Amino acid sequence: MKKYILLLFFPFVISCSTSQSEYEKAIADYLQTGNGIKTDLKIEFLEMKVSDITVTDSIAILQKRFDAERTKKIESAEKSIKHWQESIEKQKGKKNQLVAKAIISNSTEKLEIAKTELKKAQEWKPGYLSRYESRNPSDILAQKAESRFSFMNPKLQTRQEMNALFILSADGKQCYKMIKQ
């Protein structure tokens, strides 16, 4: 009777650990393959937390990057405007009117360009949203796996630990990128 209980329990244990081992396999393959050569790093996963990246998450990530880039462009344009305005004011008080007029003319031209750049930056709209127009906000685009693992460094001949974030395909079978933490 005990044998039958163990036989019934064993497939359950395997099925519960299958998804985790798929993630581990994808990450291990990613880490151990470089330039078409596979190296056995004897990777052991100590912790792993896997979560989905949805369309909503992706839009939020892209929006954050867009906002940062837009702010950077606006600040740069404002700095240019301030610089050219100060240059014009500085030249207005000069005694050599001929040189001052030439510099003021050039600075005024540059000031107008900077104002145009500021207006463009302020009116800049994100182009990435069109990619997601027909998508369900809860669609899973990828998965992220926050993990802590140990590996055998072949150069140092010592075991090392590392924390990293891995970006996986939506099905978790392929690793795209590692971000060290």
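Residues numbered from 1 in each chain as written. Predicted model: local features only at pLDDT ≥ 70, side-chain atom pairs only at ≥ 80, totals over all residues. Heavy atoms only, no water.

Participant: Is there a simple way to think about the sheet that holds strand β3 (residues 44-54) in this case?
Facilitator: The antiparallel open sheet is built from 4 strands, whose spatial order is β3-β4-β5-β6. Each edge of the open sheet carries a strand with a single partner, namely β3 and β6 (175-180). Between one strand axis and the next, the sheet turns by 25° as a mean value, whatever way the strands run. The pairing of strand β4 (residues 140-153) with strand β5 (residues 158-169) spans 12 bridges and is classified as antiparallel. Residue pairing across strands places F151 opposite Q160, the latter belonging to β5. In the packing of helix α2 (residues 55-92) onto the sheet, contacts are made with β3 and β4, and the angle to β3 comes to roughly 90°. (Pairing = 2+ DSSP bridges. Helix = DSSP H or I, 4+ residues; strand = E, 2+ residues; numbered from the N terminus. Axes fitted to C-alpha atoms, helices over the stretch in contact; angles between N-to-C directions. Contact = heavy atoms within 4.5 Å.)

Participant: Hey, could you run me through unusual backbone geometry in this one?
Facilitator: Excluding glycine, residues mostly carry a negative phi; peptide bonds, for their part, are mostly trans. With a phi close to 50°, K42 is a non-glycine residue in the positive phi region. Topologically, K42 is positioned in the loop between β2 (37-38) and β3.

Participant: What is the right way to look at the packing of α2 against helix α3 (residues 97-123) in this model?
Facilitator: Think of two packed helices as two axes; the pair is described by the angle between the axes and how far apart they sit. Axis separation between α2 and α3 bottoms out at 8 Å; the angle between their running directions is 160°. The orientation of α2 relative to α3 falls into the category roughly antiparallel. Considering how the two elements wind past one another, α2 and α3 form a crossing that is left-handed. Considering only residue class, the contact of α2 with α3 consists of 12 nonpolar, 7 polar and 8 charged. (Parallel < 35°, antiparallel > 145°, perpendicular 65-115°, else oblique. Left-handed = near helix turned anticlockwise from the far one by under 90°. Nonpolar A, V, L, I, M, F, W, Y, C, P; charged D, E, K, R; others polar.)

Participant: Help me out: how do you make sense of the pattern of salt bridges in this one?
Facilitator: Close approach of charged atoms lets side chains of opposite charge pair. Evaluated as defined, the whole model comprises 8 salt bridges. Notably, a salt bridge pairs R135 with D139, separated by 3.4 Å at the nearest N-O pair. R135 sits in the partly exposed class, given a relative accessible area of 35%. (Salt bridge = Lys/Arg side-chain N within 4 Å of Asp/Glu carboxyl O. Buried < 20%, exposed > 50% of the residue type's maximum accessible area, 1.4 Å probe, protein only.)

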